[in-house]
Structures are given as structure tokens and as C-alpha cells.
Amino acid sequence: KGQQAAKTQPAKGGPKGGVKPVEKPEDISRCDFRVGKIIHVERHPDADALYKEVIDFGEEKPRTVVSGLVKYVPIEQMQDRFVICLLNLKPANMRGIKSEAMVLVASHPTDESRKELLDAPEGSQPGDKIIFEGHEGEPDGQINLSSKGNIFAKMQVDLKTNDSFVACWRDIPMKTAKGGITSKSVSGIIG
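Right, let's walk through the structure included here. Residue numbers run consecutively from 1 along every chain, following the written order of its sequence. Side-chain atom pairs in this predicted model are given and counted only at pLDDT of 80 or more, local residue features only at pLDDT of at least 70, and totals for whole chains, interfaces and linings cover all residues. In computing side-chain values, all of the structure's heavy atoms are included and hydrogens and water are not.

**Notes on the packing of aromatic side chains**
Line of reasoning, step 1. Only centres within 6.5 Å qualify two rings of Phe, Tyr or Trp (six-membered ring in Trp) as a pair; their planes then separate them into stacked at under 30 degrees, edge-to-face at over 60, and tilted for everything else. Applying the stated rule across the entire model yields three aromatic pairs.
Line of reasoning, step 2. With a centroid separation of 6.4 Å and an interplanar angle of 75°, the aromatic rings of Phe-132 and Trp-169 are classed as edge-to-face. One end of the pair, Phe-132, is in the loop between strand E9 (115-117) and helix H2 (151-156); the other, Trp-169, is in strand E11 (residues 167-169), with 37 residues separating them in the sequence. The same class applies to Phe-132 as to Trp-169, namely buried.
Line of reasoning, step 3. What links up through ring pairs into an aromatic cluster is the set Phe-33, Phe-132, Phe-152 and Trp-169.
Line of reasoning, step 4. Over a ring means this: the NZ of a Lys or the CZ of an Arg is within 6 Å of the ring centre and within 35 degrees of the ring normal. For the cation-ring pair, Lys-115 lies above Tyr-72, with the distance from its terminal atom to the ring centre recorded as 5.2 Å. A helix here means a DSSP run of H or I that spans at least four residues, while a strand means a run of E at least two residues long, and both kinds are numbered starting from the N terminus. Relative accessibility thresholds used throughout: buried, under 20% of the residue-type maximum; exposed, over 50%; partly exposed, between the two (1.4 Å probe, protein chains only).

**Here's the deal with unusual backbone geometry**
Line of reasoning, step 1. Phi at Asp-80 is positive, roughly 60°, even though this residue is not glycine.
Line of reasoning, step 2. The topology assignment puts Asp-80 in the loop between helix H1 (75-78) and strand E4 (82-86).
Line of reasoning, step 3. Asp-80 gets classed as partly exposed once you look at its relative accessible area, which sits at 49%.
Line of reasoning, step 4. Although it is not a glycine, Phe-165 adopts a positive phi angle of roughly 70°.
Line of reasoning, step 5. Looking at the element boundaries, Phe-165 is found in the loop between strand E10 (159-161) and E11.
Line of reasoning, step 6. Looking at Phe-165, the relative accessible area reads 28%, which means it is partly exposed.

As C-alpha cells, this is what we get:
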């Protein structure tokens, strides 16, 4: 008797004074990694260090991807090969060509000249989803790599190939339903 019902008010500072959006956990599942197959590769017409690739991800149409791998991977090793890519990136203009994903490589920690493409498991198909056991979730929409503190930048510090050349995030193997993702001979940061 005499008590008033508690009034609820929206939190201040949220969108239009409403409730604050729920923050997503910082988790690798927010990055959409997939297997792709390079169906065409050529040197970028306006940049000596860049390749322009057309990559099939099992979508309606292939994506154009620009990568700075000319100094590290011969063009013959790029053509018709399966690669591991980060797909949910905001498209970025790279010397006049819109890049719609990122090809991932293992980079040696002390020898800048050693970068290797990651290998998909035997039997892979374009579009195969990369998983990290125990971290199943929905990927973010688009990740803006130029945005400070983006989710990929936060996850990349723990994305590495181990001493057995197995790609891992926080020691959890990176894999598809067909097997693990590896590098041939580089143990180091993945990016």
C-alpha cells in the first residue's frame, strides 16, 4: 500500500533516445571466411604490386578481388587455385578497381618476403564455409577495414598458422566440413 509502480524509461544516448543496441561479442564467427576458386588472375593495370583476381565463391556471380601478392606468389600459382578469403568486407577501391573480398595468406614473422596462400582441404568447393569449433554464429554485415577497431583487426591478432602449419584462431583449427586449412611451410600471422 502506498507504493508506486516503477516507471520504465528508455536509456538515454541510444538511437533516437531509445534503448541502446546490444553489443555483439568479439568473436571470430563475425568474420565470414569461405573457400574460393580463382578463375582468372592478371596483373593490376595501374599497380605493379597488385593482382586482380576473379574468384568464384559459389554465389550468383564471381567477385573481383585485388590483392598485393605479386612479390610473394607467382601468377601461375594463383590461376585455378582454391584460396581462403574473408568475404564480408565493405568493398574497397584499390587503384581504380573495386575489391569485394580479401585473399588470406600466412606471413612469416621475421622474413617479410615469405607469404603463402592458405590451402583448402581436398575436395573443397567454392563457397565452403570456414568454421572454428565452438564459435558458430552469424557473420556481421560489412566490415569496414579502414574503421578503427573493426572486428577483423581484433580477431587477426590471434589468427595464425602454428608450428605444424595449421591455420588457427586462438589455437582452434580453421576448417571446413572437409578438413583443416593449412599453409605449406609458413608458420605466422594470417592476414
